[in-house]
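Architecture at a glance
These are the residues of each chain, in order.
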Amino acid sequence: MSEMIPIVSSTIKAIGYREETESIKSQLTVIFAGGARYIYDGVPPELWDRFKDAESVGRFFAREIKPAFRGVKQ
């Protein structure tokens with residue numbers, strides 16, 4: 001599992017990323033404010049960099065990640 005980064009946001013509590021290896025796709029982990037944890041496969045590293053550095057991670061997630069990647073609840 002990836003190391004989680006705490007986030008100051010009304011919608012997202014923490015985010016983490018695991019880079020792609022030979023055996024797995026890259027994985028973005030998002031823990032929402034309510035405690036639900038979702039995994040998003042195949043998120044490219046450059047999108048992760050933009051996400052973690054975004055002024056508003058909640059807004060970035062809603063615009064860039066949610067419409068493009070299917071999340072699986074853990």
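Refer to the structure printed above.
Let me begin by describing the structure that accompanies this report. Just so it is clear, the structure is predicted and the values come from calculations on it, not from any experiment. (Residues numbered from 1 in each chain as written. Predicted model: local features only at pLDDT ≥ 70, side-chain atom pairs only at ≥ 80, totals over all residues. Heavy atoms only, no water.)

Once that is clear, we can look at the overall build of the protein chain. The number of helices and strands found in the protein chain is 2 helices and 5 strands. Start at the N end of the protein chain and walk to the C end: the helices and strands fall as β-β-β-β-α-α-β. Computed over the C-alpha atoms, the radius of gyration of the protein chain is 11 Å, within 12% of the 11 Å expected from 2.2 N^0.38 for a compact globule of 74 residues. Overall size of the protein chain, expressed as C-alpha extent along the three principal axes, is 35 × 25 × 20 Å. Put simply, the protein chain has 74 residues, and 35% of those count as buried. Summarising the internal contacts of the protein chain: among those between residues at least 6 apart in sequence, 35% fall at separations of at least 24. Carbon together with sulfur atoms contributes 47% to the accessible area of the protein chain, which is approximately 4900 Å² in total. Averaging the positions of the 11 positive and the 10 negative side-chain charges in the protein chain gives two centres separated by 11 Å. (Helix = DSSP H or I, 4+ residues; strand = E, 2+ residues; numbered from the N terminus. Rg over C-alpha atoms; globule rule 2.2 N^0.38 Å. Buried < 20%, exposed > 50% of the residue type's maximum accessible area, 1.4 Å probe, protein only. Contact = heavy atoms within 4.5 Å. Areas by Shrake-Rupley, 256 points an atom, 1.4 Å probe, with all protein chains shown as cover. Lys, Arg positive; Asp, Glu negative; His and termini not counted. Charge placed at Lys NZ, Arg CZ, Asp CG, Glu CD.)

Attention shifts here to the pattern of salt bridges. Applying the stated criterion across every chain yields a total of 3 salt bridges. A salt bridge links Asp49 to Lys52; the nearest nitrogen and oxygen atoms lie 3.9 Å apart. Of the two residues, Asp49 and Lys52 are both situated in helix 1 (residues 45-52); the distance of 3 residues between them amounts to about one turn of the helix. A salt bridge links Glu64 to Arg50, with the nearest nitrogen and oxygen atoms 3.9 Å apart. Taken as a pair, Glu64 in helix 2 (residues 57-65) and Arg50 in helix 1 lie far apart in primary sequence, 14 residues in all. In this structure Glu64 comes out as partly exposed when scored by relative accessible area, which is 33%. Classification of Arg50 as partly exposed rests on a relative accessible area of 45%. The network of salt bridges with shared partners includes Asp49, Lys52 and Asp53. (Salt bridge = Lys/Arg side-chain N within 4 Å of Asp/Glu carboxyl O.)

The pairing of strands in a sheet happens through backbone hydrogen bonds and is either parallel or antiparallel. Reading across the sheet, the 5 strands line up as 1-2-3-4-5 and stay open at both edges, with antiparallel pairing between neighbours. Pairing within the sheet leaves two strands with one partner each, and these edge strands are strand 1 (4-6) and strand 5 (71-73). Neighbour-to-neighbour, the strand axes of the sheet open up by a mean angle of 25°, direction not taken into account. Examined bridge by bridge, strand 4 (residues 37-41) and strand 5 share 3 bridges and lie antiparallel to one another. Bridging across to strand 5, Ile39 finds its partner in Val72. Seen against the sheet, helix 1 touches strand 1, strand 2 (12-18) and strand 3 (27-32) and runs at an angle of roughly 155° to strand 2. (Pairing = 2+ DSSP bridges. Axes fitted to C-alpha atoms, helices over the stretch in contact; angles between N-to-C directions.)

Purely spatial values, then, with no claim about function.
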